[in-house]
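One letter stands for each residue in the lines below.
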Amino acid sequence: MRRDFCDGVGIARLLNATLVLPKFEVASYWNESSGFADVYDVDYFIEQMNGFVKVVKQLPPEIASKEPVHVDCSKRKGQFDYIESVLPSLLEHKYISITPAASQRRDRYPLYAKAALCQACYKALRLTRSLETKASQLLDAIPKPFMSLHLRFEPDMVAYSQCQYPGLSPTSMKAIEAAQIDRKPWTGELARIWRLRGKCPLTPNETALILKSLSISPTTNIYLAAGDGLMEIEGLTDVYTNIFTKSSLLSGEDFMNMHGNTKAALDYYVSINSDSYVATYFGNMDKMVSAMRAFKGLYKTLFLSRKGFAELTSKGLEGKELMQELWKLHRDDFVNGRGSALPECFCEFKL
């Protein structure tokens, strides 16, 4: 949501439009009902965007009763031009809602639109005071130094990946089947190819093996940045015993009263301020966290390679030999640097 909203700010500037604070989509799976003002400091955002984009909290009365004309750009491919494709709808209807095009290359934006997007992403989006206070208390409660680990092995994530995982517990298999709906896992040769392409989330057990191969001590303090419903977590906690979570560090009442977005905001805050950050996936949160850490000058950030792990294990490597190859693979990935969100917001220079 943060990424799409940053994109929306850039598009609003591109189209010379006024931006209305967005409504978050309601996700029944996560029991979600929080809004923009529950997560972000609205007045601070409007103040910081002054001179970049005009932002209003709500629609003027003359159009408040109308439903916006929705323009979905998310499935557009190739070179997509917002001015050619979206501006006519805005001029005709005066009020539109938009889903940004995920594949749109922002390096085609003029500098003034890039400036608005980067200002929103790196300067203007600040957590509400109460949420930042809670996040700061959570950060203080974690023993130092510590590593933040973003682990993705929830039922919906595994179901969406369409990957097969033999050997999971009956409870995990039942949860995955309930989340699958019509997304059945690949089988046979297709399943093997899919896994070799790095499409399958790492299990907690596989994560622990890779961390061990990187010589990360079993006594390391680890903050688990993860959603509710992680499966097979014993595969990690049997090896790494100093695991800390939101639910273990916050009071029960505090935690129970929080929604999915506010819980995710706590994980984001802790992760961008951790001594090191390791991600088992390369999703939107991982890209945003790695970019913000780079912006803050924190470079101990690593993405575990699902593709590399699948390739090495498919060759039959195991034990000490597998761990040595995993170490080499991640050493090279770390030295070369792998991805971040909105790289166009960083100055380009050559040594």
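Above this text sits the structure in question.
Parameters and conventions
- Residues numbered from 1 in each chain as written.
- Predicted model: local features only at pLDDT ≥ 70, side-chain atom pairs only at ≥ 80, totals over all residues.
- Heavy atoms only, no water.
- Disulfide = S-S within 2.5 Å.
- Helix = DSSP H or I, 4+ residues; strand = E, 2+ residues; numbered from the N terminus.
- Buried < 20%, exposed > 50% of the residue type's maximum accessible area, 1.4 Å probe, protein only.
- Phe/Tyr/Trp six-rings, centres within 6.5 Å; stacked < 30°, edge-to-face > 60°.
- Lys NZ or Arg CZ within 6 Å of the ring centre and 35° of its normal.
- Salt bridge = Lys/Arg side-chain N within 4 Å of Asp/Glu carboxyl O.
- Pairing = 2+ DSSP bridges.
- Axes fitted to C-alpha atoms, helices over the stretch in contact; angles between N-to-C directions.
- Left-handed = near helix turned anticlockwise from the far one by under 90°.
- Contact = heavy atoms within 4.5 Å.
- Nonpolar A, V, L, I, M, F, W, Y, C, P; charged D, E, K, R; others polar.
- Core = buried A, V, L, I, M, F, W, Y, C linked by side-chain atoms within 4.5 Å.
- Domains from an automatic or database assignment.
- Polar contact = N/O pair within 3.5 Å; in protein donor to acceptor, adjacent residues only side chain to side chain.

(A) Fine view of the state of the cysteines. Scanning the entire structure with this criterion turns up 1 disulfide. Two residues, Cys-163 and Cys-200, share a disulfide whose sulfurs are 2.1 Å apart. Of note, the bridge from Cys-163 to Cys-200 carries an S-S torsion of about -90 degrees and is left-handed in sense. Of the two residues, Cys-163 is situated in the loop between helix H9 (155–161) and helix H10 (170–180) and Cys-200 in the loop between helix H11 (188–196) and helix H12 (204–213); the sequence distance between them amounts to 37 residues. For Cys-163, a relative accessible area of 8% translates into the label buried. Cysteine Cys-6 shares no disulfide, and the gap to the nearest cysteine sulfur, in Cys-121, comes to 3.4 Å.

(B) Spotlight on the packing of aromatic side chains. Here the structure, examined in full by the defined rule, presents 8 aromatic pairs. For the ring pair Phe-282 and Phe-303, a centre distance of 4.6 Å and an interplane angle of 75 degrees mean the geometry is edge-to-face. In this pair, Phe-282 is assigned in the loop between strand E8 (276–279) and helix H17 (284–295) and Phe-303 in strand E9 (residues 301–303), connecting sequence segments 21 residues apart. By relative accessible area, Phe-282 is classed as partly exposed at 23%. The structure contains a cluster of three or more aromatic residues connected by ring pairs, namely Phe-5, Phe-36, Tyr-40 and Phe-45. When the ring centre of Tyr-44 is taken as origin, the NZ or CZ atom of Arg-126, which lies over that ring, is 3.7 Å away. It is Arg-195 that lies over the ring of Tyr-165; its NZ or CZ is 5.0 Å from the centre.

(C) Representation of the pattern of salt bridges in the model. Per the counting criterion, the structure on display carries 9 salt bridges. The partner of Arg-3 in a salt bridge is Asp-4, and the shortest N-O contact between them spans 2.8 Å. Classification of Arg-3 as partly exposed rests on a relative accessible area of 24%. Across the salt bridge formed by Lys-328 and Glu-325, the nearest N and O atoms sit 3.5 Å from each other. Pair noted here: Lys-328 and Glu-325 are both in helix H19 (residues 319–336), with a separation of 3 residues, about one helical turn. Taking the relative accessible area as the measure of exposure, Glu-325 reaches 27% and is therefore partly exposed.

(D) Fine view of the sheet that holds E8. Here 5 strands make up an open sheet; going across it, the order is E7-E6-E5-E8-E9 and the pairing parallel. Lying at the two open borders of the sheet, with one neighbouring strand each, are strand E7 (243–244) and E9. The pairing of strand E6 (residues 221–225) with E7 spans 2 bridges and is parallel. Bridge pairing in E7 places Tyr-223 opposite Phe-244.

(E) Main features of the environment of Lys-23. Mapped onto the elements of the fold, Lys-23 is located in the loop between strand E1 (19–20) and helix H2 (36–39). In this structure Lys-23 comes out as exposed when scored by relative accessible area, which is 82%. A C-alpha to C-alpha distance of 9.5 Å links Lys-23 and Ala-37, two positions 14 residues apart in sequence.

(F) Just the packing of helix H1 (residues 2–14) against helix H7 (residues 111–124), in detail. Interaxial distance between H1 and H7 falls to 8 Å at its minimum, and their mutual angle equals 145 degrees. Crossing of H1 over H7 shows right-handed handedness. Touching Arg-2, Cys-6, Asp-7, Val-9, Gly-10, Arg-13 and Leu-14 of H1 are Tyr-112, Ala-113, Ala-116, Leu-117, Ala-120 and Cys-121, all from H7. Split into classes, the residues belonging to the contact of H1 with H7 amount to 9 nonpolar, 1 polar and 3 charged.

(G) Representation of the nonpolar core in the model. Val-9, Phe-36 and Phe-45 are the most contacted members of the largest nonpolar core, which totals 46 residues. A total of 6 residues in this core trace back to one element, the largest contributor, which is helix H16 (residues 260–272). Residue-level mapping places this core at the junction of two domains, with at least three residues from each of domain 1 (1–126) and domain 2 (130–153 + 201–336). Counting 23 residues, the second largest nonpolar core, distinct from the first, contains Leu-149, Leu-214, Leu-304 and Leu-326.

(H) Representation of the side chain of Asp-41. In this structure, Asp-41 sits in the loop between H2 and helix H3 (42–48). Residue Asp-41 is classed as buried on the basis of its relative accessible area of 18%. At a separation of 3.4 Å, a polar atom in the side chain of Asp-41 contacts the main-chain amide nitrogen of Asp-43. Setting aside residues up to four positions removed in sequence, Asp-41 forms contacts with Arg-126, Leu-127 and Thr-128.

Any functional reading would require information beyond the geometric quantities listed.
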